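Geometric and topological summary
Residues per chain, in single letters:
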There are 2 protein chains.
Amino acid sequence: MPMREVALSTGDRVVLYDTSGPRTDPAVSVDVRVGLPRSRTVWIAERDAGDAGAAGGSAGARPAGGGVGVSGATTQLGLARRGLISPEMEFVAVREGVPAETVRAEIAAGRAVLPVNRNHPESEPMIIGREFLVKINANIGNSAVASSIEEEVDKMVWATRWGADTVMDLSTGRDIHRTREWIIRNSPVPVGTVPIYQALEKVDGKAVDLTWEVYRDTVIEQCEQGVDYMTVHAGVLLRHVPLTARRRTGIVSRGGAILAAWCLAHHEENFLYTHFAELCEILRAYDVTFSLGDGLRPGSIADANDAAQLAELATLGELTSLAWEHDVQVMIEGPGHVPMNKIKENVELQRELCHDAPFYTLGPLTTDVAPGYDHITSAIGAAMIGWFGTAMLCYVTPKEHLGLPDREDVKAGVIAYKIAAHAADLAKGHPGAQAWDDALSDARFDFRWNDQFHLSLDPETAASYHDETLPAAPARSAHFCSMCGPHFCSMKITRDVREYAAVRGIGDELALAEGMREKSAEFVSGGNHIYLPLADV
Amino acid sequence: MPMREVALSTGDRVVLYDTSGPRTDPAVSVDVRVGLPRSRTVWIAERDAGDAGAAGGSAGARPAGGGVGVSGATTQLGLARRGLISPEMEFVAVREGVPAETVRAEIAAGRAVLPVNRNHPESEPMIIGREFLVKINANIGNSAVASSIEEEVDKMVWATRWGADTVMDLSTGRDIHRTREWIIRNSPVPVGTVPIYQALEKVDGKAVDLTWEVYRDTVIEQCEQGVDYMTVHAGVLLRHVPLTARRRTGIVSRGGAILAAWCLAHHEENFLYTHFAELCEILRAYDVTFSLGDGLRPGSIADANDAAQLAELATLGELTSLAWEHDVQVMIEGPGHVPMNKIKENVELQRELCHDAPFYTLGPLTTDVAPGYDHITSAIGAAMIGWFGTAMLCYVTPKEHLGLPDREDVKAGVIAYKIAAHAADLAKGHPGAQAWDDALSDARFDFRWNDQFHLSLDPETAASYHDETLPAAPARSAHFCSMCGPHFCSMKITRDVREYAAVRGIGDELALAEGMREKSAEFVSGGNHIYLPLADV
């Protein structure tokens, strides 16, 4: 079970959720050219044996095509609906600290997804749903003008080291297939893609030349490789396109723009919409999860929650029901750019229109004015939308709108989003979330500097910031810090207060403390010059 | 009038609020040893002439002491209550783009403060209140173990350049008086202090040796220098101290800890509370604003909104009324560490208990687990609490809990808080707030890269991030960016969509677009395979 155990100097141990896979286990060495151990292979084989003869039964096989039934048990959703608890469900139950039945029930109801392509046996199962820890996704991927395969694999390893729960490979340049293969074979977390990007490459970047057949073959190719979830912009309908023409920033989703251009050029309905049932059959055979894309998401504060966005959202709700009929897992992508006062409405509309399918949002950015800092403008929105019930937050890096993220940007984005997700877990009152904060606050209050660093989201940065001002080794155990200096420390004074109080016998009267809040008003109205002997408190 | 005008390549001009003072005007050169021009001197002199003979009438004079009346018009609050609009009020009205009468009425009601010590004529008047733009404060100041005077003045100049609306000098080390003098003479923004820090230095750091007299003389010294607002921890009462003993992180405010220690050591009530009326008379004479300190603010998520914090808040409400009786302006300091779900309650309690006096909060941090990134953990809370009505946000830098901020940390903190404040202005629907986002989004959509950079909170960073991936000069005017590359750009495709739509005559039908949202449900229920000719849209 992937967990990070932090051994404190007090002898206590704190266990934290961990996404980094076997690579951060000192006992394991991984050859990037071979990939990670395929730990799920045995579960998949056992399931295949049980389902012998059923559609999609053998790993690596193409789907039968057209002949796949809609009530089978191949997918986690199918299993859950039949009341079965898969090994993957057991795994995430332990990982989240909840009963396996909760996992099954949430998946069966469509309120959570467990994205596990049968051809990605290297992944460690995880769950995305509002009843569980809020997850984050890191986008990686090369483009026509920058980066290489090695860099992208390194970014994936790096992103999961800092806490990315899934990665999306958004490559658009050369070597898309090979880049993805390397990423999947090395990824301990689910991998998502946007197949339309590769399909577009196959038609030399000309949106008008796209066909259902090219797209379908691309999806099958990616299913075969082991992609766990796919963004499909099937909600961009011909009739929605004119709703964007008067927007301040039109269509900013690449997928959305491609399909809008295709619809207009052909005067036909989006082929992803018209062929959606066929797509369901393909994804079902591999247990690939739909991430229904928001191709018409707002690209600016001005366009938030507008008619185009909401029309598409209603269509995504319709498609959710259709996918569920095929036992295919679904999550719904969301914006983008939204001012704080419109975030809650977004989540409520998504829940209502999409039947409580998990929401997966990009940010949202809460202002447009800070390019270079959009990990922060969007962490604000992400924390809030997470609190309101969004299940997974797609990170935004400092390079958003400006360039492709490098290694440091990936880390900055992941850390900002781990903060947002954890702040949301705290606000939601997720059981166990606060134990982490409590352990760190205790270490801080006790001047256990090394414990504080080890419990931090980014121990290296925390330690280096501390050492910058007080570099000497003894300062790591000093009962003061550089903010106040050795003779003037509020934490130290508080400890003195406690000791003093103990000596004076205040300890016994502490039970009265809770009652003091009510008494406060009496005191206030009693006059300005109150003297109250401690014995009376 | 201090404004930043951004000239766009389209010929349009965007005017932004500016806090940097004369230094960023190329026509002005400032000698740091001389300080800024004393532009308010004439207003103060004219007012003195009108008030001839009234208490506190001559600049630089000590208050009469004891003989000052409580209904005079020396302060902005006094003037506002008498129905008078001061030049400072006119100034902020233009600066905020609101009627001067609004400014006067908000000050008169105590809902806003205009912190202007008569001995800080270098400052450019600004207002802090929920009806106005959300403001931010940057803390600077040396400590016993780090930094110098020059560094601190440089940090102040640097902080105001990036948008700090006020600075607080929290120096605790050597040369406190001289550091402050340099900062005030060079500061275009109001300067705040925490006088107890200097008072403590005067008694060699021994809290038990503090006296009202030492404190009072320190306050007068600082009033004379021109400090515009002072944090006074008069709400830390003897009876509140036991409420902190069972906290996870006790008392984390330095001032709060000092006064708690003093109260316990002497078995007496906080001398700031018992002498509060005298303090009012001193502050009134200079028009210094109270920033009533939250000495018992929570230092961890676990301690948020607890009995100690709320008991102190009730006392601050009592003191607010007392200060107002003396025509002294008041704002209320707030936490600290608060999970998102408890932020709104904080603001509501503050409004209720403190009679709508402006709230001024430190963050709050929304989780404890990310030391090294507390500008982000707290920007989330700051944006939310600003939206809920907090008037000023005290920044937190990446070094919080770990060390003293350097120049880069000050910038990181200020930018994160400008983001939070502006996101709050947008969410509150502040008139004019969205024009900035709209201008930047327009530039982005039109590929006017340089306009986008110039409109950014941090133009240098935005431009350098862009140039990193696409360094060639022509890329600054390219109609694509490094995220998608030249042949695959969603913004470009959207423009094609618009042009296509225009050619096909969709433009005429756009009036129907708004009606499409309602129609969407009909379409959805009509079947899965809808073909809709564009002419019908």
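Residues numbered from 1 in each chain as written. Chains lettered and ligands numbered in written order. Predicted model: local features only at pLDDT ≥ 70, side-chain atom pairs only at ≥ 80, totals over all residues. Heavy atoms only, no water.

Using the following cut-off: UniProt positions are given in the numbering used here, feature names are shortened, and annotations may be inferred rather than shown by experiment.
The name an unreviewed UniProt entry gives chain A is Phosphomethylpyrimidine synthase, with Frankia canadensis as the organism. Check the Function (unreviewed entry) section of the UniProt entry for chain A; it says "Catalyzes the synthesis of the hydroxymethylpyrimidine phosphate (HMP-P) moiety of thiamine from aminoimidazole ribotide (AIR) in a radical S-adenosyl-L-methionine (SAM)-dependent reaction."

**Describing the overall build of chain A**
Here is the rule we go by: Counting from the N terminus, the helices are the DSSP runs of H or I reaching at least four residues and the strands are the DSSP runs of E reaching at least two. Residues are treated as being in contact if the distance between any of their heavy atoms lies within 4.5 Å.
Broken down by element type, chain A carries 21 helices and 12 strands. Put simply, of all contacts in chain A between residues at least 6 apart along the chain, 73% involve residues at least 24 apart.

**Some points on the pattern of salt bridges**
All names here are of chain A. Just so we agree on the cut-off: Any carboxyl oxygen of Asp or Glu that lies within 4 Å of a side-chain nitrogen of Lys or Arg is treated as forming a salt bridge with it. Exposure is judged per residue with a 1.4 Å probe applied to protein chains only, and the accessible area is read against the type maximum: over 50% gives exposed, under 20% gives buried, and values in between give partly exposed.
Per the counting criterion, the structure on display carries 66 salt bridges over all chains. A salt bridge links Glu101 to Arg104, with the shortest nitrogen-to-oxygen separation between them at 2.7 Å. Note that Glu101 and Arg104 are positioned in helix 4 (residues 100-108) at a spacing of three residues, about one turn of the helix. Here Arg104 falls in the buried class, since its relative accessible area comes to 15%.

**Here we look at the side chain of Glu96 of chain B**
All names here are of chain B. What counts is decided by this rule: In protein, a polar contact requires one atom able to donate a hydrogen and another able to accept it; more generally it is a pair of N or O atoms within 3.5 Å, and residues adjacent in sequence count only if both atoms are side-chain atoms.
Positionally, Glu96 belongs in helix 3 (residues 87-96). Polar side-chain contacts of Glu96 include one of 3.0 Å to the backbone nitrogen of Leu133. Once residues lying within four places of it in the same chain are set aside, the contact partners of Glu96 are Tyr17, Ile127, Phe132, Leu133, Lys135 and His430.

**Quick look at the sheet that holds strand 10 (residues 330-334) of chain B**
Residue and element names in this part refer to chain B. We count it as follows: Following DSSP output, two strands are said to pair if at least two bridges run between them. Structural elements are reduced to axes, namely lines fitted to C-alpha atoms, with helices fitted over the stretch in contact, and the angle between N-to-C directions of any two is expressed from 0 to 180 degrees.
Spatial ordering of the closed barrel is given by 5-6-7-8-9-10-11-12, a layout of eight strands whose pairing is parallel. Geometrically, the sheet is characterised by an average inter-axis angle of 25° between neighbouring strands, direction not taken into account. In this structure, strand 5 (residues 135-140) lies alongside strand 6 (residues 166-169), joined through four bridges in parallel fashion. Across the sheet, residue Ala138 finds its bridge partner in strand 6, namely Val167.

**Observations regarding the UniProt feature "binding site: Zn(2+)" (unreviewed entry) in chain A**
Annotation from UniProt places "binding site: Zn(2+)" (unreviewed entry) at His337 and His401 of chain A. On the basis of their most widely separated C-alpha atoms, the annotated residues across 65 residues gather in one place, lying no more than 12.2 Å apart. Within the element layout of this structure, His337 of chain A appears in the loop between strand 10 (330-334) and helix 13 (343-353). Leaving out residues up to four positions away in the same chain, His337 of chain A has contacts with Pro298, Gly299, Ser300, Ile301, Ala304, Pro364, Leu365, Asp368 and His401 of chain A together with Arg444 of chain B. There is a polar contact of 2.8 Å between the side chain of His337 of chain A and the side chain of Asp368 of chain A. Residue position: His401 of chain A is located in the loop between strand 12 (392-394) and helix 15 (407-428).

**Thoughts on the environment of Ile415 of chain A**
Residue position: Ile415 of chain A is located in helix 15. Taking the C-alpha atoms as reference, Ile415 of chain A lies 9.8 Å from Ala379 of chain A; in sequence the two are 36 residues apart. The residues contacting Ile415 of chain A, other than those within four sequence positions of it, are Trp162, Leu457 and Asp458 of chain A together with Tyr373 of chain B.

**Topic: the nonpolar core**
The following threshold applies: As used in this record, nonpolar core signifies buried Ala, Val, Leu, Ile, Met, Phe, Trp, Tyr and Cys residues forming a set joined through side-chain atoms within 4.5 Å.
Within the largest apolar cluster, 291 residues are counted, with the highest numbers of intra-cluster contacts made by Phe290 of chain A together with Phe290 of chain B. Dropping the residues within four chain positions of it, Phe290 of chain A is found in contact with Met230, Val232, Phe276, Leu279, Cys280, Leu283, Ala323, Val328, Gln329, Val330 and Met331 of chain A.

**Side note on the packing of aromatic side chains**
All names here are of chain A. Rules: Working definition: a ring pair exists when centres of Phe, Tyr or Trp rings (six-membered ring for Trp) sit within 6.5 Å. Plane angles under 30 degrees give stacked, over 60 give edge-to-face, the rest tilted.
In the structure shown here, the tally under the stated rule is 17 aromatic pairs over all chains. Between Trp43 and Phe91, the ring centres sit 6.2 Å apart and the planes meet at 65°, which makes this aromatic pair edge-to-face. Highlighted residues: Trp43 in helix 1 (residues 41-50) and Phe91 in helix 3 (residues 87-96), separated in sequence by 48 residues. Taking relative accessible area as the criterion, Trp43 reaches 23% and is therefore assigned partly exposed.

**Observations regarding the pairing of strand 5 (residues 135-140) of chain A**
With six of its six residues buried, strand 5 of chain A lies for the most part within the structure. Burial along strand 5 of chain A is two-sided: the face carrying Lys135, Asn137 and Asn139 of chain A and the face carrying Ile136, Ala138 and Ile140 of chain A are both buried.

**Regarding the sheet that holds strand 7 (residues 191-193) of chain A**
Each strand in a sheet pairs with its neighbour through backbone hydrogen bonds, running either in the same direction (parallel) or in the opposite one (antiparallel). Residue and element names in this part refer to chain A. Strand order in the closed barrel formed by eight strands is 5-6-7-8-9-10-11-12, and the pairing between neighbours is parallel. The sheet shows a mean angle of 25° between the axes of neighbouring strands, direction not considered. In this sheet, strand 11 (residues 359-362) lies alongside strand 10 in parallel orientation, the contact comprising three bridges. Looking at strand 11, one finds that Glu333 is bridged to Tyr360. Sheet strands in contact with helix 15 are strand 5 and strand 12, and its direction is about 160° off that of strand 5.

**Quick word on the state of the cysteines**
Here a disulfide denotes one covalent bond, and it connects the sulfur atoms of two cysteines. All names here are of chain B. Filter applied, for reference: In this description, a disulfide is simply a cysteine sulfur pair whose atoms lie within 2.5 Å.
Applying the stated rule across the entire model yields zero disulfides over all chains. Of all cysteine sulfurs in the structure, the one in Cys280 sits closest to Cys223, which takes part in no disulfide; the separation is 12 Å. For the unlinked cysteine Cys263, the closest cysteine sulfur is that of Cys280, found at 18 Å. Taking relative accessible area as the criterion, Cys263 reaches 0% and is therefore assigned buried.

**Let's talk about the packing of helix 15 (residues 407-428) of chain B against helix 16 (residues 433-445) of chain B**
All names here are of chain B. Definition in use: By definition in this entry, angles of less than 35 degrees are roughly parallel, angles greater than 145 are roughly antiparallel, angles of 65 to 115 are roughly perpendicular, and the rest are oblique.
In contact at an axis separation of 8 Å, helix 15 and helix 16 are set at 110° when each is read in the N-to-C sense. By the angle between their directions, the pair helix 15 and helix 16 is classed as roughly perpendicular. Where helix 15 approaches helix 16, its residues His422, Asp425 and Leu426 are matched on the opposing element by Ala433, Gln434, Trp436 and Asp437.

**Let's talk about the confidence of the model for chain A**
Residues and elements named next belong to chain A. Operational definition: Here pLDDT means the predictor's own confidence in every residue, given as a number from 0 to 100.
Here chain A shows a mean pLDDT of 86. Residues at 70 or above account for 82%. Across residues 53-73, where pLDDT falls below 50, the model places 41 contacts with residues more than four positions away in sequence or in other chains. Prediction confidence for the complex, expressed as pTM and ipTM, is 0.90 and 0.89 respectively.

**Section: helix 14 (residues 374-387) of chain A**
Residues and elements named next belong to chain A. Operational definition: Expected span of a helix, by definition, is 1.5 Å for each gap between consecutive residues, and there is one gap fewer than residues.
Taking 1.5 Å of rise per residue, 14 residues should cover 20 Å, and helix 14 covers 20 Å from first to last C-alpha, within 8% of that figure. Of all 14 residues in helix 14, 13 are buried; the element is thus mostly enclosed. Of the residues flanking the end of helix 14, it is Gly389, one or two places downstream, whose phi is positive at about 130°.

**Some details on a nonpolar patch on the surface**
All names here are of chain A. Formally: Note on patches: the residues involved have over 30% relative accessible area and no salt bridge, like charges join within 9 Å, and the nonpolar side chains Val, Leu, Ile, Met, Phe, Trp and Tyr join within 5 Å. With residues, only the protein chains shown are counted as cover, and all accessible areas are computed by Shrake-Rupley using a 1.4 Å probe.
Residues Met1, Met3, Val15 and Val94 make up a contiguous nonpolar surface patch of about 350 Å² in total accessible area. Here Met3 is to be found in strand 1 (residues 3-7). Judged by its relative accessible area of 32%, Met3 is partly exposed.

**A word on the packing of helix 14 of chain A against helix 14 (residues 374-387) of chain B**
For the record, the criterion: Here a crossing is called left-handed whenever its near helix is offset anticlockwise from the far helix by less than a right angle, and right-handed whenever the offset is clockwise.
Two elements in contact, helix 14 of chain A and helix 14 of chain B, have axes separated by 9 Å at closest approach and are oriented at 70°. When the interaxial angle is binned, helix 14 of chain A and helix 14 of chain B end up roughly perpendicular. Relative to helix 14 of chain B, helix 14 of chain A is oriented so that their crossing is right-handed. Judged by residue contacts, His375, Ile376, Ala379, Ile380, Ala383, Met384 and Trp387 of chain A of helix 14 of chain A engage His375, Ile376, Ala379, Ile380, Ala383, Met384 and Trp387 of chain B from helix 14 of chain B.

**A short note on the environment of Ala420 of chain B**
Assignment of secondary structure puts Ala420 of chain B in helix 15. Classification of Ala420 of chain B as buried rests on a relative accessible area of 0%. Sequence-distant contacts of Ala420 of chain B, that is, excluding residues within four places in its chain, are made with Ile380 of chain A together with Ala379, Ala382, Ala383 and Leu393 of chain B.

**A closer look at the environment of Ser291 of chain A**
Residue and element names in this part refer to chain A. Examined against the element boundaries, Ser291 turns out to sit in strand 9 (residues 289-292). In this structure Ser291 comes out as buried when scored by relative accessible area, which is 0%. Residues Ser291 and Asp31, spaced 260 residues apart in sequence, show a C-alpha to C-alpha distance of 31 Å. Residues in contact with Ser291, not counting those within four places in the same chain, are Tyr229, Met230, Thr231, Val232, Met331, Glu333 and Tyr360.

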